[in-house]
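Tertiary structure, described
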Amino acid sequence: MNREQRVALLAVAEPAEVIELADHCLAAGPPPTVLVGPEVGCVSVQVREPIVRDRFLLGDVLACRAEVEFDGARGWAMRLGDDRAAALAAAILDAAVESGRASAEVDRLCERVRERQRLAEDAEWAELAPTIVEFEEL
């Protein structure tokens, strides 16, 4: 799993599981240096229209970001909403992987989150399937 995938999955993981795993990482060694404390702000969401492919601003969303450093390795996180503890915990987990402290545990968490996303998507498609219209070819 690359860093982009890991950070994206940590951003949508349940706050309790991210915080719990970060607590285990903190207990295993010296604390990280907090480079950017959890900051809450607005982020503009830009989307691309699927047919014409034009980009447009959808709106602003509330987000929280944080950045930490473990043994010279930087970790970064951004999560939607204003949960400062979860954003800081996700940054700690990213730094822990980058520094080699807890990559296996974080990878297992990310795999659980990925599986939950897949199941939710499958359930959504199963709900939509009866409404699909199929046309005959001429």
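Taken as a whole and judged by the stated rule, the model has 11 salt bridges. Residue R6 is joined to D94 by a salt bridge in which the shortest nitrogen-to-oxygen separation is 2.8 Å. Of this pair, R6 sits in helix α1 (residues 3-12) while D94 is found in helix α3 (residues 84-99), placing the two residues 88 residues apart along the sequence. Given a relative accessible area of 3%, R6 falls into the buried group. Residue classification places D94 among the buried positions, given a relative accessible area of 0%. The salt bridge involving D122 is made with R118; its shortest N-O contact spans 2.6 Å. A residue pair is termed a helical-turn pair when its members lie 3 or 4 positions apart in one helix, as D122 and R118 do in helix α4 (residues 103-128) at four residues. R118 sits in the partly exposed class, given a relative accessible area of 39%. When salt bridges with common partners are traced through the structure, they connect R3, R6, D94 and E98 into a single cluster.

Counting residues in hydrophobic clusters, the biggest one holds 24 residues, and the most contacted among them are L10, V18, C25, I92, L93, V106 and L109. Counting residues per element, the ones that place at least two in this core are α1, α2 (15-27), β2 (55-70), α3 and α4. Considering every element that reaches this core, the biggest residue donor is α3, with eight residues. Contact partners of I92, with chain neighbours within four places excluded, come to A22, C25, L26, P32, V68 and F70.

Attention shifts here to the environment of R74. Relative to the elements of secondary structure, R74 occurs in strand β3 (residues 73-80). By relative accessible area, which is 48% here, R74 ends up partly exposed. Once you skip the residues sitting within four places of it in the chain, R74 turns out to touch R3, L35, E67, V68, E69, D94, A95 and E98. Among the polar contacts listed, one links the side chain of R74 to the side chain of E67, at a separation of 3.3 Å.

Calculation notes
- Residues numbered from 1 in each chain as written.
- Predicted model: local features only at pLDDT ≥ 70, side-chain atom pairs only at ≥ 80, totals over all residues.
- Heavy atoms only, no water.
- Salt bridge = Lys/Arg side-chain N within 4 Å of Asp/Glu carboxyl O.
- Helix = DSSP H or I, 4+ residues; strand = E, 2+ residues; numbered from the N terminus.
- Buried < 20%, exposed > 50% of the residue type's maximum accessible area, 1.4 Å probe, protein only.
- Core = buried A, V, L, I, M, F, W, Y, C linked by side-chain atoms within 4.5 Å.
- Contact = heavy atoms within 4.5 Å.
- Polar contact = N/O pair within 3.5 Å; in protein donor to acceptor, adjacent residues only side chain to side chain.

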